[in-house]
Amino acid sequence: TGDHWGYGKEDGPSAWHRHYPVAKGSRQSPIDIIPDEARRDSSLGPIFLKYDRCTSLSIANNGHSVVVEFDDSDDRSVIQGGPLDNPYRLKQFHFHWGGKGCEGSEHTVAGVGYASELHLVHWNAVKYTTYEDAATAPDGLAVLGIFLEQGDDHRWLHTITDVLYMVKFKGSATNFKGFNPKCLLPSNLHYWTYLGSLTTPPLHESVIWIVLKEPIVVSEKQLGMFRILQFSGEEEDQRMRMENNFRPPQPLKERILKKRC
Ligand SMILES: Cc1ccn(O)c(=O)c1
Ligand SMILES: [Zn+2]
């Protein structure tokens, strides 16, 4: 049992449509962002990230990425403003990355990918009772996407990379309290926004995407730490290094990409 999908040749993004036909839907993610084609929308205000009282709980390897889970039992940490009609509660964040020296982001900008992409997943607890309900609703989730560019060491990312050895195998998890993802934000919160989907199965078309224009900078050494993770469990014989866990861009179809400069 468990997930039958992955990022390999047989079970990767090009095969996901067999079990998840919405993969060929009208609002799939990620997309290639073409800045010149993004429409400036005067109704789009700034986004506000109220993470000061956030409560991280654990860090885990779910066989597809490394995920930091938060206590989302109240509105202590939310994203609001921008394209959002109400606050969305922070539930988890995770990363997508490539192989050594290769691109690994999900969104691309004018056809160019970044080394990695951080996704902060929030859900609409005003309209929906549970995350699961929100995850299937057209305005249920808001995911903040942040590009990671290779360069100097990131001052705070080591807080995460230092504990990755504890969640090397699929299904492993450990306590991870007191981490505030505010330290992973770039200085400028200008963004693109569009209506899309989860980028992993079940690929629900329930995400209001907010992708920041300014990447954060992390070192190749820090990126390399993510590659000690394995897709496979400790008991499985073939060792499968966790890398290239990204879905390529999907057709924009009838959607408009908007921006707030
Ligand atoms: C909810 C969810 C699940 C997977 N990914 O990649 C996302 O970006 C968001
Ligand atoms: Zn993601």
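Just above sits the structure.
Residues numbered from 1 in each chain as written. Chains lettered and ligands numbered in written order. Predicted model: local features only at pLDDT ≥ 70, side-chain atom pairs only at ≥ 80, totals over all residues. Heavy atoms only, no water.

(A) Geometry of the nonpolar core. Ranked by size, the top nonpolar core spans 48 residues in total, and within it Ile59, Val66, Phe93, Phe95, Leu144 and Ile160 carry the most contacts. Put simply, the parts of the chain that give this core at least two residues each are β3 (47–50), β5 (66–70), β7 (88–97), β9 (116–123), β10 (141–150), β13 (207–212), β14 (216–218) and α3 (220–226). No other element matches the 5 residues that β7 contributes to this core. Sequence-distant contacts of phenylalanine 95, defined by excluding residues within four places in its chain, comprise Ser65, Val66, Ser116, Glu117, Leu118, Leu148, Leu157, Ile160, Leu184, Phe226 and Asn245. Membership of the second largest hydrophobic core comes to 22 residues, among which are Ile31, Tyr114, Tyr128 and Trp192. (Core = buried A, V, L, I, M, F, W, Y, C linked by side-chain atoms within 4.5 Å. Buried < 20%, exposed > 50% of the residue type's maximum accessible area, 1.4 Å probe, protein only. Helix = DSSP H or I, 4+ residues; strand = E, 2+ residues; numbered from the N terminus. Contact = heavy atoms within 4.5 Å.)

(B) Main features of the pattern of salt bridges. Scanning the entire structure with this criterion turns up 10 salt bridges. Note that aspartate 74 and arginine 76 form a salt bridge whose closest N and O atoms lie 2.9 Å from each other. Looking at aspartate 74, the relative accessible area reads 27%, which means it is partly exposed. Note that lysine 100 is salt-bridged to glutamate 220, the shortest N-O span being 3.9 Å. One end of the pair, lysine 100, is in the loop between β7 and β8 (108–109); the other, glutamate 220, is in helix α3, with 120 residues separating them in the sequence. Given a relative accessible area of 19%, glutamate 220 falls into the buried group. (Salt bridge = Lys/Arg side-chain N within 4 Å of Asp/Glu carboxyl O.)

(C) Region of the structure containing the coordination of the zinc ion (ligand 2). For the zinc ion (ligand 2), the protein coordination sphere consists of His94 (NE2), His96 (NE2) and His119 (ND1), at 2.0 to 2.1 Å. Sequence spacing of the donor residues for the zinc ion (ligand 2), all on one chain, is H-x1-H-x22-H. A residue pair is termed long-range when its members are at least 10 positions apart, and histidine 96 in strand β7 and histidine 119 in strand β9 qualify at 23 residues. In terms of burial, histidine 96 and histidine 119 fall into one category: buried. (Donors = N, O, S within 2.8 Å, 3.2 Å for Na, K, Ca; no water.)

(D) Local environment of the packing of aromatic side chains. Following the criterion strictly, the structure yields 11 aromatic pairs and no others. Ring centres 4.8 Å apart and planes at 55° place the aromatic pair phenylalanine 95 and phenylalanine 226 in the tilted group. Taken together, the residues phenylalanine 95 in strand β7 and phenylalanine 226 in helix α3 connect sequence positions 131 residues apart. The pair formed by phenylalanine 95 and phenylalanine 226 is uniform in burial state, with each residue classed as buried. With 5.0 Å between their ring centres and 45° between their planes, tryptophan 97 and phenylalanine 226 make a pair best called tilted. Taken together, the positions of tryptophan 97 in strand β7 and phenylalanine 226 in helix α3 put the pair 129 residues apart, joining distant regions of the chain. For tryptophan 97, a relative accessible area of 1% translates into the label buried. Assessed through its relative accessible area of 1%, phenylalanine 226 is described here as buried. Put simply, the rings of Phe70, Phe93, Phe95, Trp97, Phe176, Phe179 and Phe226 pair up and form one aromatic cluster. Geometry around tyrosine 131 places lysine 91 over its ring, the cationic atom sitting 5.1 Å from the centre. (Phe/Tyr/Trp six-rings, centres within 6.5 Å; stacked < 30°, edge-to-face > 60°. Lys NZ or Arg CZ within 6 Å of the ring centre and 35° of its normal.)

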